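Structure at a glance
If you want the building blocks of each chain, they are given just below.
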Amino acid sequence: MVTDIMNKEDLKKMAPVFGQLSFDNHEQVVFCNDKDTGLKAIIGIHNTVLGPALGGTRMWQYNSEWDALNDVLRLSRGMTFKSAITGLNLGGGKAVIIGDAKTQKTPELMKRFGEFVHSLSGRYITAEDVGMATSDMDLVRTVTPYVTGISEEKGGAGNPSPITAYGVFMGMKAAAKYAYGSDILEDKTVYVEGIGNVGEALVEHLSNEGAKVYISDINQERLEEVRDKYNVAIYGGNNIYAEDMDIYAPCALGATINDTTIHQLRAKIVAGAANNQLAEELRHGKILQDRGIVYAPDFLINAGGIINVYAELENYGKQEIIRKTENIYNTTLEILKNAEAKDITTHQAALDIAQSRIDARKNEK
Ligand SMILES: NC(=O)c1ccc[n+]([C@@H]2O[C@H](COP(=O)([O-])OP(=O)(O)OC[C@H]3O[C@@H](n4cnc5c(N)ncnc54)[C@H](O)[C@@H]3O)[C@@H](O)[C@H]2O)c1
C-alpha cells in the first residue's frame, strides 16, 4: 500500500489502472464520457465495507488524464479512512471532472454527470469538492437521489465548508494542546495557504481567537477581500514553508508537504483542510515525526464536511453535526498521544484505528 505523487513519465510506466501506484485495491473505477456536454469524469469507489462510498466531486484542469486518475484514486482511498475514523457508516469514494470549473461547468454537464452517478445505483454518493458549489449538487439532485451537500432550501444540510473549517479548527486546537500544553491560539502565528470556502471560514475562527494570521492564495482578488473582512495579513514572500510560524494550515490542494518543502518547514504544527497533504504519506509522515513537527492527520481533522453531509442521509440536525465535529478535538488528541506511545507517525496511528474498524465490520459480515 503506497500512495505517491508521480511525474507523468513514471505514471506511464505503470499498468493503466490496476497497476497504478495509487491503486490500493479499489473496488471499482468508472470512466464517464459524454461528447455532447464535454463531460470527462472518473468516479473512484475505494471500499464499501462500512457503507456506500461517499465523497465529493472535484472539477479541476488536470495536466493529464494520468494526474486525474491518480487524484481520484488517492482521494477516494482517503475518504474510506476519513469516514471510518469518524465513526460513520460510509465507504470511500470520490469523483473528478476534468476541466475548468469557471469556464466549462454547465448545467447540462452537471446533470449528465448526475446520470452517471445514478447508474451506480447508490454504491457511490456524491457531494461537492473543489470547483463545486451547493447549487451544482442541487442540479445533480434533479437526476439522482444519490447526492448530498444540497442546499438547505432543497432540504439538504447546506454548504459543508464552514463545518469542515470548524473541525479543522478543533483539530488544530488539539494539536496545540499537545504541542504547547494549551489549546488557546491567541498570539500563535498561523499561515493559511488557500483561502477558498474552507480557508476563509478557518481564518474567521482564528482571527476571532486572536491568532496572528497570514494568508496566501493564487487569487489576488480573494486575498484582498479576506484581508479586509478579517483584518489579517497577506503573505508577501515567495516561500511560505520557510517562514517562522507556529502552525502551517494547508487549505488549497494536496501534496504541499513534499521532498522540496518538508525540510524547509519551520512550523511546529501542521493542521489544515487539504486532502492528501503528504505527497508520500509514509515517508513524509516519518520525516515530520523525526523533525518534531506535530502533524494532525488531514483525513481526521477535515471530516466536518462529511459529518455535515452524512446528516442528510441519517436525518440528524445541526446540534448533532456540531457535537460530532467538536469530537474531532478528542480524537486528534488521542491519536497524537497514541502515536507517541507507539513511536509511530500520527498518520499511521490514525490509519490503524480506521483500518481496524473496517476489518471488524468485514469480520462481522
Ligand atoms: N469543502 C469542504 O467541505 C472540504 C472538506 C474536506 C476537505 N476539503 C479540502 O480542503 C481544501 C480546500 O477546499 P475548499 O472547498 O475551500 O476549496 P476552494 O476551491 O473553495 O478553495 C481552494 C483555494 O485554494 C486556492 N489555491 C489553489 N492553488 C493554490 C496554491 N498553489 N497556493 C495557494 N492557494 C491556492 C484557490 O485559489 C482557492 O481559493 C481542498 O483540498 C479540499 O479537498 C474541503
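The structure displayed is predicted, hence computed values, not measured ones.

1. Topic: the site of the ligand
Around the ligand sit 20 residues, and of these Arg-58, Thr-164, Val-198, Asp-217 and Ala-252 come closest. Separating an oxygen atom of the ligand from a side-chain N or O atom of Thr-164 is a distance of 2.7 Å. Protein contact buries 82% of the 830 Å² of open area that the ligand shows by itself. Among the secondary structure elements, those contributing two or more residues to the shell around the ligand are helix 5 (161-180) and helix 6 (197-209). A class-by-class count of the residues in the shell around the ligand yields nine nonpolar, seven polar and four charged.

2. Concerning the environment of Tyr-180
Within the fold, Tyr-180 resides in helix 5. By relative accessible area, Tyr-180 is classed as partly exposed at 30%. For the pair Tyr-180 and Lys-268, spaced 88 residues apart in sequence, the C-alpha separation works out to 9.5 Å. Ignoring any residue separated from it by four or fewer positions in sequence, one finds Tyr-180 in contact with Lys-188, Asp-246, Lys-268 and Ile-269. Of the polar contacts made by the side chain of Tyr-180, one reaches the side chain of Asp-246; its length is 2.9 Å.

3. Some details on the sheet that holds strand 8 (residues 212-216)
The strands that make up a sheet are held in pairs by hydrogen bonds between backbone atoms, and each pair lies either parallel or antiparallel. The sheet built from six strands is open, its strands ordered 9-8-7-10-11-12 with parallel pairing. At either margin of the open sheet sits one strand with a lone partner, and together these are strand 9 (233-234) and strand 12 (294-295). Pairing analysis gives two bridges linking strand 10 (residues 247-250) to strand 11 (residues 269-270), with the strands arranged parallel. Within the sheet, the bridge partner assigned to Tyr-248 lies in strand 11 and is Val-270. Relative to strand 7 (residues 189-193), helix 6 is tilted by about 165°, and along the sheet it contacts strand 7, strand 8 and strand 10. Contacts from helix 7 (residues 220-230) reach strand 8 and strand 9 within the one sheet, and its direction differs from that of strand 8 by about 165°.

4. Thoughts on the packing of aromatic side chains
For the coordinates displayed, the defined rule picks out six aromatic pairs. When the ring of Tyr-191 is compared with that of Tyr-214, the centres are 4.7 Å apart and the planes differ by 15°; the resulting orientation is stacked. On the criterion of sequence distance, the pair formed by Tyr-191 in strand 7 and Tyr-214 in strand 8 is long-range, its members being 23 residues apart. What makes Tyr-214 partly exposed here is its relative accessible area of 29%.

5. Some words on the packing of helix 10 (residues 304-314) against helix 11 (residues 318-342)
Closest axis-to-axis distance for the helix 10/helix 11 pair is 9 Å, and the angle between their directions is 155°. In this view, helix 10 runs roughly antiparallel relative to helix 11, as classed from their interaxial angle. Where helix 10 crosses over helix 11, the two elements pack in a sense that is right-handed. Taken together, the residues of helix 11 that come into contact with helix 10 (itself represented by Gly-304, Ile-307, Asn-308 and Ala-311) are Lys-318, Ile-321, Lys-324, Thr-325 and Ile-328.

6. Points about the pairing of strand 4 (residues 57-60)
On a regular strand, each side chain points to the face opposite its neighbour's, so the side chains alternate between the two faces of the sheet. Here strand 4 pairs with strand 5 (residues 91-98) via four bridges, running parallel. Residue Arg-58 lies in a different strand from strand 5, and its bridge partner there is Val-96. In this fold, strand 4 hands off to helix 2 (residues 65-86), which returns the chain to strand 5; that crossover is right-handed.

Reading guide: rules and limits
Residues numbered from 1 in each chain as written. Predicted model: local features only at pLDDT ≥ 70, side-chain atom pairs only at ≥ 80, totals over all residues. Heavy atoms only, no water. Near = heavy atom within 4 Å. Polar contact = N/O pair within 3.5 Å; in protein donor to acceptor, adjacent residues only side chain to side chain. Areas by Shrake-Rupley, 256 points an atom, 1.4 Å probe, with all protein chains shown as cover. Helix = DSSP H or I, 4+ residues; strand = E, 2+ residues; numbered from the N terminus. Nonpolar A, V, L, I, M, F, W, Y, C, P; charged D, E, K, R; others polar. Buried < 20%, exposed > 50% of the residue type's maximum accessible area, 1.4 Å probe, protein only. Contact = heavy atoms within 4.5 Å. Pairing = 2+ DSSP bridges. Axes fitted to C-alpha atoms, helices over the stretch in contact; angles between N-to-C directions. Phe/Tyr/Trp six-rings, centres within 6.5 Å; stacked < 30°, edge-to-face > 60°. Parallel < 35°, antiparallel > 145°, perpendicular 65-115°, else oblique. Left-handed = near helix turned anticlockwise from the far one by under 90°. Right-handed = clockwise from strand over helix to strand, strands pointing away.

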